[in-house]
Amino acid sequence: MASGWDARPPRRPGRLPLLLCLLLLLLQSPARAAHIKKAEATTTTSSGTEAEQGHFDRYYHEEELGSALREAAAAGPPGLARLFSIGRSVEGRPLWVLRLTAGLGPPPPDGDAGPDAAGPLLPGRPQVKLVGNMHGDETVSRQVLVYLARELAAGYRRGDPRLVRLLNTTDVYVLPSLNPDGFERAREGDCGLGDSGPPGASGRDNSRGRDLNRSFPDQFSSGEPPALDDVPEVRALIDWIRRNKFVLSGNLHGGSVVASYPFDDSPEHKATGIYSKTSDDEVFKYLAKAYASNHPIMKTGTPHCPGDEDETFKDGITNGAHWYDVEGM
């Protein structure tokens with residue numbers, strides 16, 4: 001993941017690497033994917049339709065985000081969820097994470113909301129993390145992950161067999177917003193990607209004008225790792241990853257409609273066209289294709305995004321570096 005905040009190709013839209021989002025795949029069958037709007041119109045919970053409850057009519061800003069995650073946790077039975085923060089943004093906003101897995105027990109009695117409030121690891125239960133809103137103006141993932149958390153918790157309570165099986169065997173962590181400061185600055189319809197204006201003015205970057213998705217150590221560099229003083233959000237994420245043993249991760253962006261899988265860079269750092277394989281390349285391709293094939297637009301491989309109408313992706317997937325190289329991302 002990259003050290004420079006000016007490293008991205010000019011005007012390249014943010015990728016949507018729904019990297020291995022098997023959790024979303026479990027929630028969406030092919031039949032349902034083909035009728036998303038119809039399904040949204042008829043989705044209900046035990047207390048009425050989501051639309052009637054007003055859950056889907058706006059973005060959640062700072063205070064509402066914490067409340068929405070607490071409500072999501074409360075939608076499940078006791079011992080299923082823990083809400084905690086892995087750190088704070090430049091402007092002091094919490095980086096909330098909701099942990100969902102069966103058998104967590106009661107939360108700490110002192111009300112601590114720091115990383116230790118997540119509770120101990122559960123032996124034999126694989127950890128999965130989903131991160132959204134790394135670019136503050138790529139906002140859909142922030143909402144989607146809140147809705148996913150609510151559905152996981154509520155589905156477990158109502159006895160949905162898939163969700164009961166999932167949360168009895170998997171340790172799920174949902175971080176809806178890594179860049180809450182950028183989100184608060186973002187404005188609907190402003191898609192300038194921070195190409196003009198003073199540092200920090202764009203919702204894309206953090207409050208110090210740093211692109212979080214270009215501020216991680218570069219795996220192919222032998223030089224000094226990047227300084228993290230200007231990106232406390234990145235430092236918090238790195239520290240959190242080091243404390244855990246995540247076996248599967250998803251980083252949700254906005255922009256094109258494609259499942260992008262590692263690596264996102266290569267030793268050559270050629271702008272585009274270099275296929276950068278991991279040792280698990282076949283697994284990554286399988287998982288990416290499993291997601292893309294259940295998305296009505298992604299599976300076509302022709303998202304027709306504004307500015308890149310002719311861009312195509314076979315089977316709706318791509319190796320990140322082959323699409324475009326971003327050092328260390």
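Residues numbered from 1 in each chain as written. Predicted model: local features only at pLDDT ≥ 70, side-chain atom pairs only at ≥ 80, totals over all residues. Heavy atoms only, no water.

The protein is annotated in an unreviewed UniProt entry as Peptidase M14 domain-containing protein of Diceros bicornis minor. Per UniProt, the comment on the protein under Cofactor (unreviewed entry) is "Zn(2+)". (UniProt positions renumbered as here; feature names shortened; annotations may be inferred.)

Asks: Honestly, the sheet that holds strand 3 (residues 81-88) in this entry has me stumped. Any pointers?
Replies: Whenever strands of a sheet pair, they do so through backbone hydrogen bonds, lying parallel or antiparallel. Spatial ordering of the open sheet is given by 3-4-6-5-7, a layout of five strands whose pairing is mixed. Either end of the sheet is taken by a strand with one partner, and the two such strands are strand 3 and strand 7 (246-252). On average, adjacent strands in this sheet sit at an angle of 20° to one another, irrespective of strand direction. Those strands touched by helix 6 (residues 140-158) are strand 4 (94-100), strand 5 (127-132), strand 6 (171-175) and strand 7, and its axis lies near 145° from that of strand 5. (Pairing = 2+ DSSP bridges. Helix = DSSP H or I, 4+ residues; strand = E, 2+ residues; numbered from the N terminus. Axes fitted to C-alpha atoms, helices over the stretch in contact; angles between N-to-C directions. Contact = heavy atoms within 4.5 Å.)

Asks: Any chance you could explain the pattern of salt bridges here in plain terms?
Replies: Side-chain pairing between opposite charges can occur once the charged atoms of the two side chains come close. Counted by the stated rule, this structure contains 16 salt bridges. Between Glu 64 and Arg 58 there is a salt bridge; the shortest N-O distance is 2.7 Å. Of the residues examined, Glu 64 reaches a relative accessible area of 29% and is grouped as partly exposed. Close ionic contact of Asp 229 with Arg 235 constitutes a salt bridge, the shortest N to O distance being 3.0 Å. (Salt bridge = Lys/Arg side-chain N within 4 Å of Asp/Glu carboxyl O. Buried < 20%, exposed > 50% of the residue type's maximum accessible area, 1.4 Å probe, protein only.)

Asks: In this structure, what is going on with the packing of aromatic side chains? I would like to understand it.
Replies: Each aromatic ring pair is specified by the distance between its two centres and by the angle formed by the two planes. All chains considered together, the criterion is met by eight aromatic pairs. Plain terms: the ring middles of Tyr 59 and Phe 183 are 6.1 Å apart, the flat faces sit at 70° to each other, and that makes the pair edge-to-face. Placement of Tyr 59 in the loop between helix 4 (50-53) and helix 5 (62-74) and of Phe 183 in helix 8 (residues 180-185) is noted, with a sequence separation of 124 residues between them. Given the relative accessible area of 36%, Tyr 59 is considered partly exposed. Seen in terms of ring centroids, Phe 220 and Phe 263 are 6.0 Å apart; in terms of plane orientation they differ by 85°. Their pairing is edge-to-face. Of this pair, Phe 220 sits in the loop between helix 8 and helix 9 (232-243) while Phe 263 sits in the loop between strand 8 (259-261) and helix 10 (281-292), and the two are 43 residues apart along the sequence. In textbook terms, an aromatic cluster arises when at least three aromatic residues are bridged by ring pairs, as seen for Tyr 173, Trp 240 and Phe 246. In this arrangement the basic side chain of Lys 129 is found over the ring face of Phe 246, its NZ or CZ atom lying 5.7 Å from the centre. Over the face of the ring belonging to Phe 183 we find Arg 142, whose NZ or CZ atom lies 3.7 Å from the ring centre. (Phe/Tyr/Trp six-rings, centres within 6.5 Å; stacked < 30°, edge-to-face > 60°. Lys NZ or Arg CZ within 6 Å of the ring centre and 35° of its normal.)

Asks: Hey, could you run me through the pairing of strand 5 in this one?
Replies: The side chains of a regular strand alternate between the sheet's two faces. Where burial is concerned, most of strand 5 is hidden: six out of the six residues are buried. Side-chain alternation along strand 5 places Gln 127, Lys 129 and Val 131 on one buried face and Val 128, Leu 130 and Gly 132 on a second face that is also buried. Pairing geometry for strand 5 and strand 6, over five bridges, is parallel. Each residue of the ladder has a partner; that of Leu 130, found in strand 6, is Val 174. Sheet topology places strand 5 next to strand 7; six bridges connect them, and they run parallel. Residue pairing for strand 7: Lys 129 is matched across the bridge by Ser 249.

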